[in-house]
Amino acid sequence: MAAGFVIFAIALMPIKLTVNAVMNHQFVEESKPKFEVIQQVRAFKSSTHWLFTDLPIVSFYTGLKVPPELAVFSTKRIASGSLGDAELRRILQTYQPEQVLLGRYPKVQAALEPSLRQHYVKQHEKDKVTQYVLKSVQ
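Residues numbered from 1 in each chain as written. Predicted model: local features only at pLDDT ≥ 70, side-chain atom pairs only at ≥ 80, totals over all residues. Heavy atoms only, no water.

A short note on the pattern of salt bridges
Step number 1: Applying the stated criterion across every chain yields a total of 6 salt bridges.
Step number 2: Here Glu29 ties to Lys32 by a salt bridge, and the two come within 3.2 Å at their closest N and O atoms. Taken together, the residues span about one helical turn, with Glu29 and Lys32 both in helix H1 (residues 2-42) at a distance of 3 residues.
Step number 3: Classification of Lys32 as partly exposed rests on a relative accessible area of 47%.
Step number 4: A salt bridge links Lys126 to Glu36; the shortest N-O distance between them is 3.0 Å. (Salt bridge = Lys/Arg side-chain N within 4 Å of Asp/Glu carboxyl O. Helix = DSSP H or I, 4+ residues; strand = E, 2+ residues; numbered from the N terminus. Buried < 20%, exposed > 50% of the residue type's maximum accessible area, 1.4 Å probe, protein only.)

See the structure below:
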């Protein structure tokens with residue numbers, strides 16, 4: 001019985017390896033746009049002190065600081081109003097980040113649109129993620 005189990009396991013090994021290879025390839029393909037966004041943000045890293053983003057993981061990967069009020073940017077905070085439009089505009093005005101990266105919450109982008117048009121240039125947009133750079137950094 002043990003020998004039968006070993007033979008069965010050996011017979012299934014190529015199938016398992018093929019499935020893993022296909023899944024890994026799929027993961028790499030799905031990750032490419034995310035890494036592209038990270039590279040776009042890194043392009044301005046030397047002139048960036050603050051990154052305003054609703055995608056906080058990007059700040060982690062790029063090593064840029066986000067305003068402390070945005071470190072936990074969640075649907076619950078948006079829905080409860082603890083991170084409302086006025087608060088978002090205040091944070092943007094207080095920290096005057098050199099880069100703004102938005103992609104998770106369209107409501108946030110709508111709330112900040114007037115300030116973004118006035119002080120920022122749209123640098124990159126792909127897959128619903130938009131990067132803005134302060135006009136003085138351009």
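A few points about the side chain of Gln131
Step number 1: Tracing the backbone through its elements, the reader meets Gln131 in strand E4 (residues 129-134).
Step number 2: Of the polar contacts made by the side chain of Gln131, one reaches the backbone oxygen of Gln40; its length is 3.2 Å.
Step number 3: A distance of 2.7 Å separates a polar atom in the side chain of Gln131 from a polar atom in the side chain of Gln99. (Polar contact = N/O pair within 3.5 Å; in protein donor to acceptor, adjacent residues only side chain to side chain.)

Digging into unusual backbone geometry
Step number 1: Backbone geometry at Asp127 places phi at a positive 50°, although glycine is not the residue there.
Step number 2: Along the chain, Asp127 falls in the loop between strand E3 (120-126) and E4.
Step number 3: Non-glycine residue Lys128 carries a positive phi angle of around 70°.
Step number 4: With respect to the element layout, Lys128 can be found in the loop between E3 and E4.

Describing the nonpolar core
Step number 1: By size, the foremost hydrophobic cluster in this structure holds 18 residues, and its most contacted members are Phe52, Phe73, Leu88, Val100, Leu102, Val108 and Leu112.
Step number 2: Going through the elements one at a time, helix H4 (85-95), strand E2 (99-102), helix H5 (106-119) and E4 are the ones with two or more residues in this core.
Step number 3: The dominant element in this core, judged by the number of residues it contributes, is H4, at 4 residues.
Step number 4: When near neighbours in sequence (up to four residues on either side) are disregarded, Val100 contacts Leu51, Phe52, Leu92, Leu116, Tyr120, Thr130, Gln131 and Tyr132. (Core = buried A, V, L, I, M, F, W, Y, C linked by side-chain atoms within 4.5 Å. Contact = heavy atoms within 4.5 Å.)

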